[in-house]
Amino acid sequence: MDCLFCKIIAGEIPSTRVYEDEKVYAFRDINPMAPVHVLVVPKHHVASADEVNTANSGDVAAIFEAIPKIAAAEGLTNGYRVITNCGEDACQSVHHLHFHILGGKKLPDQMA
Ligand code: 5GP
Ligand code: ZN
């Protein structure tokens, strides 16, 4: 499958890993929008939040169990934002489910 994040997970494209477990891979965004900008993805391909179902929701649970660990390791003691862009109107650019962790500064109040 021609999926950028599947290639990153497979190590075919280099990335800066910050966390990994059986179901989850997390790495630094190549174009950071905040001092800390990490992408957290399921190792098993899921196209977007709109594709979450009973068969793959365990991967999403694993991601949300990993997020506090990643935030702590990144020193995000004063809060952080978790975002997923889903589909055309949200400007999803990579069609492999990913959650952005953004932090390390006071983030804008408004919706991006
Ligand atoms: P989206 O716009 O789909 O929510 O987010 C995709 C994110 O992937 C963007 O923030 C973009 O900077 C990041 N990204 C795109 N290509 C690469 C890459 O090759 N490596 C890494 N580490 N991040 C990437
Ligand atoms: Zn993929």
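Look up: the structure comes first, before these words.
Report on the accompanying structure.

Rules behind the numbers
Residues numbered from 1 in each chain as written. Chains lettered and ligands numbered in written order. Predicted model: local features only at pLDDT ≥ 70, side-chain atom pairs only at ≥ 80, totals over all residues. Heavy atoms only, no water. Near = heavy atom within 4 Å. Polar contact = N/O pair within 3.5 Å; in protein donor to acceptor, adjacent residues only side chain to side chain. Areas by Shrake-Rupley, 256 points an atom, 1.4 Å probe, with all protein chains shown as cover. 1 Å grid on protein atoms, 1.4 Å probe; cavity = no way out; pocket = protein on both sides within 12 Å on 5 of 7 lines; lining within 4 Å. Sits in = over half its atoms within 2 Å of the grid points. Helix = DSSP H or I, 4+ residues; strand = E, 2+ residues; numbered from the N terminus. Nonpolar A, V, L, I, M, F, W, Y, C, P; charged D, E, K, R; others polar.

A few points about the site of ligand 1
Of all residues adjacent to ligand 1, which total 16 residues, the nearest are Arg 28, Asp 29, Asn 85, Ser 93 and His 100. The separation between a nitrogen atom of ligand 1 and a polar main-chain atom of Ile 30 is 3.3 Å. At 2.9 Å from an oxygen atom of ligand 1 is found a side-chain nitrogen or oxygen belonging to His 98. Contact with the protein chains removes 82% of the 520 Å² of surface that ligand 1 exposes when unbound. Placement of ligand 1 is best described as lying within the largest pocket. Elements with a contribution of two residues or more to the shell around ligand 1: helix H1 (4-10) and strand E2 (24-28). Its residues assigned to classes, the shell around ligand 1 comprises eight nonpolar, six polar and two charged.

Notes on the side chain of Gln 92
The topology assignment puts Gln 92 in the loop between strand E4 (80-83) and strand E5 (99-103). One polar contact links the side chain of Gln 92 to the main-chain carbonyl oxygen of Val 94, over a distance of 2.9 Å.

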